[in-house]
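Results of the structural survey
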Amino acid sequence: MTVSERKTSYLRSVLDSVPPYRPGRKVVGPDGRSAKLSSNESPFGPLPSVRRAVADAAADLNRYPDPAAAALTAALARRFEVPAEHVALGAGSVGLLQQLLEAVAEPGAEVVYAWRSFEAYPLLVGLSGAASVQVPLRAESHDLDALAAAVTDRTRMLFVCNPNNPTGTAVREAELAAFLDAVPDHVLVVLDEAYREYVRAPQVPDGMRLYRDRPNVAVLRTFSKAYGLAALRVGFLVAHPHVAEAVRKTMVPFAVNHLAQAAAVASLDAEQELLERVDATVKERERVRDALLADGWTVPETEANFVWLRLGEDTLDFAAACERAGVTVRPFAGEGARVSIGLPEDNDAFLAVARAHPRRH
């Protein structure tokens, strides 16, 4: 055994097959432009009232945060009209996914999800020791029939990302409700609704309504996207008490810090003002998609704050062309690119690259 092998023999073998998470990049173009459209962030900073709440909370940085996040939990329970014991918190929805897996997954278990979907799913499932069962998308959206057929007696959990990241597509209420009713009780279905605030199609269901009479359904939301608190890492889960309690048990103590709790409460208090910003992003989303369609691109209908371009082998070349113009998008090699909706001038810079690109789909 070499020295290197001796040094790594205590590390888990699964780490060899788990790719690192790659955050969205930021570049500067030749004209000084930097349009980061790679991370689905809100282009708007926190509201003044939220900044004031964070500044006030900073006076207590020498103290540990409330581990139960009582004020935020109560605010969420009021906002969504659910019992407080149905609410659990985590460091973003990604943190909650990890908490769910720690509560549910183990070697020999299976976790089912559509693919391509949120890129953290295979990473987190692999680290949990469970096996990923990936079900291909159909027409860039979840194939619910195929997902149901993939469930076995080893399946412990099933993710439905709605709207789906990175394609932006969303399944409708009738088909999702029928699917949830067909999934056996031994499977926990997690509705990952990180982009729910951007949904405008009335047929797209609200998981907060669907979970209420289904004990094996949980709903994930986040303050990172529409609420513009990506840097503070705060997400929440709503589920029946047996699930929410398990998720609270697996949270790292103090994972949701004091500033994050204060900012989230203040954001809920200012929600109407925040949602006006969301409306502006939705209008830009429609403008960008309409412009791409007019230029000959094929762009799926999207209910999120991004658009999806199926580029195949041209994906990395397209992303490189965007970077040369000071625009970063999120490429998935051999598949396509996800483009976040930013400020109008950033979207215009992206559209200029897309218009000049010789290959359109």
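What counts, and at which threshold
- Residues numbered from 1 in each chain as written.
- Predicted model: local features only at pLDDT ≥ 70, side-chain atom pairs only at ≥ 80, totals over all residues.
- Heavy atoms only, no water.
- Helix = DSSP H or I, 4+ residues; strand = E, 2+ residues; numbered from the N terminus.
- Rg over C-alpha atoms; globule rule 2.2 N^0.38 Å.
- Buried < 20%, exposed > 50% of the residue type's maximum accessible area, 1.4 Å probe, protein only.
- Contact = heavy atoms within 4.5 Å.
- Areas by Shrake-Rupley, 256 points an atom, 1.4 Å probe, with all protein chains shown as cover.
- Pairing = 2+ DSSP bridges.
- Axes fitted to C-alpha atoms, helices over the stretch in contact; angles between N-to-C directions.
- Parallel < 35°, antiparallel > 145°, perpendicular 65-115°, else oblique.
- Left-handed = near helix turned anticlockwise from the far one by under 90°.
- Nonpolar A, V, L, I, M, F, W, Y, C, P; charged D, E, K, R; others polar.
- UniProt positions renumbered as here; feature names shortened; annotations may be inferred.
- Patch = residues over 30% accessible without salt bridge, like charges linked within 9 Å, V, L, I, M, F, W, Y side chains within 5 Å.
- Salt bridge = Lys/Arg side-chain N within 4 Å of Asp/Glu carboxyl O.
- 1 Å grid on protein atoms, 1.4 Å probe; cavity = no way out; pocket = protein on both sides within 12 Å on 5 of 7 lines; lining within 4 Å.
- Points joined across faces, edges and corners; volume = space filled by probe spheres on them.
- Core = buried A, V, L, I, M, F, W, Y, C linked by side-chain atoms within 4.5 Å.
- Polar contact = N/O pair within 3.5 Å; in protein donor to acceptor, adjacent residues only side chain to side chain.

Across its full length, the protein carries 13 helices and 12 strands. Expected size for 361 residues packed as a compact globule is a radius of gyration near 21 Å; at 21 Å, the protein falls within 12% of this value. Taken across its 361 residues, the protein has 55% of its residues classed as buried. Counted over contacts in the protein with a minimum sequence separation of 6, partners at least 24 positions apart contribute 73%. Looking at the protein as shown, the accessible area adds up to about 16000 Å², and 53% of this sits on carbon and sulfur atoms.

The next point concerns the sheet that holds strand β12 (residues 336-340). Pairing between the strands of a sheet is mediated by backbone hydrogen bonds and can be parallel or antiparallel. Spatially, β9-β12-β11 is the arrangement adopted by the three strands of the open sheet, whose pairing is antiparallel. Of all the strands in the sheet, just β9 (306-310) and β11 (330-332) have a single pairing partner and so form its edges. When strand polarity is set aside, the average angle formed by the axes of neighbouring strands in this sheet is 15 degrees. The sheet contact formed by β11 and β12 spans three bridges and is antiparallel. Each residue of the ladder has a partner; that of F332, found in β12, is G336.

At a minimum axis distance of 11 Å, the contact between helix α11 (residues 271-294) and helix α13 (residues 344-356) shows a crossing angle of 15 degrees. Considering their axes alone, α11 and α13 lie roughly parallel with respect to each other. Here α11 runs over α13; the crossing is right-handed. Along its contact with α11, which presents E284, R287, V288, A291 and L292, the element α13 presents P344, N347, D348, F350, L351 and A354. Of the residues belonging to the contact of α11 with α13, the class tally is seven nonpolar, one polar and three charged.

According to UniProt, the positions carrying the feature "domain: Aminotransferase class I/classII large" (unreviewed entry) are residues 36-344. The distance from the first to the last C-alpha atom of residues 36-344 is 12 Å, and the span holds 39% helix and 17% strand.

What follows covers a nonpolar patch on the surface. Residues Y10, L11 and L15 make up a contiguous nonpolar surface patch of roughly 340 Å² in combined accessible area. On the secondary structure map, L11 appears in the loop between α1 (3-8) and β1 (35-36).

A side chain of one charge can pair with a side chain of the opposite charge if their charged atoms are brought near each other. Applying the stated rule across the entire model yields 19 salt bridges. Between D206 and R221 there is a salt bridge, and its shortest N-O distance comes to 2.8 Å. Of this pair, D206 sits in the loop between β6 (188-192) and α8 (207-210) while R221 is found in strand β7 (residues 217-222), placing the two residues 15 residues apart along the sequence. Classification of D206 by relative accessible area gives partly exposed; the value is 21%. For R221, a relative accessible area of 3% translates into the label buried. The structure contains a network of salt bridges with shared partners spanning E110, D153 and R154.

Moving on, we get to the UniProt feature "modified residue: N6-(pyridoxal phosphate)lysine" (unreviewed entry) in the protein. Mapped onto the present numbering, the UniProt feature "modified residue: N6-(pyridoxal phosphate)lysine" (unreviewed entry) falls at K225. Setting aside its immediate chain neighbours within four residues, K225 contacts S39, N40, S42, A194, Y195 and Y198.

Across the interface, helix α4 (residues 92-104) lies against helix α9 (residues 241-249) with an axial gap of 8 Å and an inter-helix angle of 105 degrees. One finds that α4 runs roughly perpendicular with respect to α9. On α9, the residues touching L96, Q99, L100 and A103 of α4 are V243, A246 and V247. Per-class residue counts for the contact of α4 with α9 are six nonpolar, one polar and no charged.

The next thing to look at is the pairing of β7. Among the six residues of β7, six are classified as buried, and the element is accordingly described as predominantly covered. Side chains V217, V219 and R221 of β7 all project onto a buried face; the interleaved residues A218, L220 and T222 project onto the opposite face, where all are buried too. Pairing between β6 and β7: four bridges, direction parallel. From the neighbouring strand, V189 faces β7, where its bridge partner is V217.

In this section: empty space enclosed by the protein. Per the counting criterion, the structure on display carries one cavity of 30 Å³ or more. Taken as a whole, the largest cavity spans an internal volume of roughly 60 Å³. A per-class count over the lining of the largest cavity returns six nonpolar, four polar and one charged.

Formed by 51 residues in total, the largest nonpolar core has its most connected members in L72, L76, L176, F179 and F223. Look past the residues within four positions of F179 in its chain and what remains in contact with it is L144, L147, A148, L158 and V160. Listed in part, the 32 residues of the second largest apolar core include V104, V190, L220 and A244.

With respect to the secondary-structure elements, S340 resides in strand β12. What makes S340 buried here is its relative accessible area of 3%. For the pair S340 and Y198, spaced 142 residues apart in sequence, the C-alpha separation works out to 12 Å. Those residues in contact with S340, other than ones at most four positions away along the chain, are L37, S38, S39, N40, N305, F306 and N347. In this structure the side chain of S340 is engaged in a polar contact, spanning 2.7 Å, whose partner is the side chain of N40.

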